[in-house]
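# Descriptive analysis of the structure
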Amino acid sequence: MNHLNLGRRHWLGAGAALAATSLAGCAGLSASGPTIGRVVVVGGGYGGATAARYLKLWGGNVDVTLVERNTDFVSCPISNLVLGGYKQMSDITRGYGALKSVGVKVVQGDVTAIDVAGKKLRLAGGSELSYDRLVLSPGIDFMAELVAGLHPALDTGRVLHAWKAGPQTVALRRQIESMPDGGVFAMFIPKAPYRCPPGPYERACVVASYLQQSKPKSKVLVLDANPEITSKKGLFEKAFKDRYAGMLEYRANAELKELSGNIAKLEFEDVKADVLNIIPPQRAGDLARSAGLLNMNNRWVGVNWLTMESTAAAGVHVLGDATFSAPAMPKSGHMANQHAKVAAAAIIQLLKGEPVNATPVVMNTCYSFVTGREAMHVASVHQYDTTDKTFKTVPGSGGVSAAANQIEARYALSWAENIWADSLAL
Amino acid sequence: MHITLRRGAALFGLFGAFGLAQAQDVHLARNLAATCANCHGTNGQARGDMKPLAGVSAEKIVAMLADFKSGAQPATIMHQISKGYSDEQIKLIAGFLAAQPAGK
């Protein structure tokens, strides 16, 4: 609550100068009849884009504005294939134009302040948006401070995370392409929870697949802070052993402690590599933090799973990776899309003053590539438990592939095409 | 909104008596079917290698999912996902998707 009050004071302090532009002023008459309410969605990734799309699809006269910092949607899923040279950036990039054509007002900009009590937010440049309900889909940001020396290395771009797809993906691909044959690619995996549990292991495989073809004397060193592979363990162990023996080395309980120049320091040893790819420890995105919503371990946002409304702030719905996960619920783009549909349905009911769905269901599917052309999945279904007020996986449901294969690679790419269309109204 | 209400009413007519809690939410079938959209397209209008479900008869969708659940129909993934939904939920999903126009 302190954070909220501070945010409010800050907002009010600057308020006198704010009178000027109100983007919200031109909103409200897109469909016939009066709007049933105004919703602002911040963050146009898998969660936010889907929320905006489904609020229009299901809500009729809901006035929906999506605020996104970037000009285009760039997908994290499939981005490891860009690192391996199997896909191009254009393959994982889509526009927001189709969302505009279904009536979503898309505003490119950065949110600089949220006034939770006053139900308004401010954009860089000074314009403001008011709302009846706010949806935040802020993704993750990094806790670089947990590794000595990491902050400056990330800030200067000397060390890349590539855990948000975009310029980092392009830059890491360049580093991998510039590696000498016989070089070392070392990647560091943070302790769970982090975005996309199988993602680091997929990356290790796909980079190794590329190196096997192009620079076969090279090494891939996978240094994992976790006690074991955190997702699809048996399948990744098999891929490491059967496909990349002699090239890829996996080490558990190998937590990065310090970065000094080009040397990554673990507890008992120093690692030197041609390419250091460090996936830092993570928390909910900066936007959630500055709004004072990190009420779970000072790291994640607690939510009411029936509505996705923050348990720290009324009227603010939070989606995706930023949330404090329900048991066995992964931080994934697929899950963020599912969160968004729960939120959209609930927000429409709340705006109408009607009861929300008491028995929501969400499900997840994550495909991982182990080469440029073979993939495998993990899937789960999560039903709301009215007693414990959380989502729980259904006993006997879900599971992983029998083996990675080419059919699942086709399904993985079709999954991407369908979820991008579903989220962005393509 | 009238259309949605009518569709909901028709559904409950089709599939008979469900629990009161479910009958109270006319959007339940829509919400459940939306969990399929990530792979099978919005309202079941799939693209690429995924199976389109929009406009497929409810009986056929129910039968396919029953076969996935029982193992009669081998699958890469649907045998795992289908077991996460109750038979009542599958009937609602099937009814909703059957009523959707086929995709582009």
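Residues numbered from 1 in each chain as written. Chains lettered and ligands numbered in written order. Predicted model: local features only at pLDDT ≥ 70, side-chain atom pairs only at ≥ 80, totals over all residues.

With that settled, the discussion passes to the overall build of chain A. Counting its regular elements, chain A contains eleven helices and 25 strands. Here chain A has a C-alpha radius of gyration of 22 Å; the compact-globule value for 426 residues is 22 Å, and the two agree. Principal-axis analysis of the C-alpha atoms gives chain A an extent of 65 × 45 × 40 Å. Across the 426 residues in chain A, those meeting the buried criterion constitute 52%. A separation of at least 24 residues holds for 70% of the contacts in chain A among residues at least 6 apart in sequence. (Helix = DSSP H or I, 4+ residues; strand = E, 2+ residues; numbered from the N terminus. Rg over C-alpha atoms; globule rule 2.2 N^0.38 Å. Buried ≥ 20, exposed ≤ 12 C-beta atoms within 10 Å, placed from the backbone. Contact = placed C-beta atoms within 7 Å.)

Bringing the sheet that holds strand E17 (residues 275-278) of chain A into the picture now. Residue and element names in this part refer to chain A. Taking strand neighbours across the sheet as the criterion, the four strands line up as E13-E12-E11-E17 in an open arrangement whose pairing is parallel. Every other strand in the sheet has two partners, leaving strand E13 (248-251) and E17 as the edge strands with one partner each. Averaged over all pairs of adjacent strands, the angle between their axes in this sheet comes to 15 degrees, without regard to strand direction. As paired elements, strand E12 (residues 219-224) and E13 share four bridges and run parallel to each other. Note on E13: the bridge partner recorded for Leu223 is Arg251. (Pairing = 2+ DSSP bridges. Axes fitted to C-alpha atoms, helices over the stretch in contact; angles between N-to-C directions.)

Further remarks concern the sheet that holds strand E16 (residues 270-272) of chain A. Residues and elements named next belong to chain A. Read from one edge to the other, the open sheet built from three strands follows the order E14-E15-E16, with strand pairing classed as antiparallel. Where the open sheet ends on each side, the last strands, each with one partner, are strand E14 (258-260) and E16. When strand polarity is set aside, the average angle formed by the axes of neighbouring strands in this sheet is 25 degrees. The pairing of E14 with strand E15 (residues 263-265) spans three bridges and is classified as antiparallel. Along E15, the bridge assignment pairs Leu259 with Ala264.

What follows is about the domain arrangement of chain A. All names here are of chain A. Examined at the domain level, chain A breaks down into domain 1 (2-69 + 109-141 + 283-356) and domain 2 (143-282). When each unit is reduced to the centre of its C-alpha atoms, the spacing between domain 1 and domain 2 is 33 Å. With seven residues of domain 1 at the interface, the matching set in domain 2 holds seven residues. Grouping the constituent residues of the side of domain 1 that touches domain 2 by class yields two nonpolar, two polar and three charged. (Domains from an automatic or database assignment. Nonpolar A, V, L, I, M, F, W, Y, C, P; charged D, E, K, R; others polar.)

Residue and element names in this part refer to chain A. Within the secondary structure, Tyr201 sits in helix H7 (residues 199-214). Tyr201 sits in the buried class, given 27 other C-beta atoms within 10 Å. With 71 residues separating them in the primary sequence, Tyr201 and Lys272 have C-alpha atoms 20 Å apart. In this structure, Tyr201 is in contact with Ile229, Phe236 and Ser368, ignoring residues within four places of it in sequence.

This part covers the interface of chain B and chain A. Contacts between chain B and chain A engage 27 residues on the former and 35 residues on the latter. Contributions of two or more residues to the side of chain B that touches chain A are made by helix H3 (28-34), helix H4 (37-40) and helix H6 (78-81) of chain B.

Bringing helix H10 (residues 333-352) of chain A into the picture now. Residue and element names in this part refer to chain A. Given a rise of 1.5 Å per residue, 20 residues ought to cover 28 Å, and the 29 Å separating the end C-alpha atoms of H10 matches this to within 8%. For H10, a buried count of 16 out of 20 residues is recorded, marking the element as mostly surrounded by other parts of the structure. Backbone geometry just after H10 places Gly353 at a positive phi near 75 degrees. (Expected span 1.5 Å × (residues − 1).)

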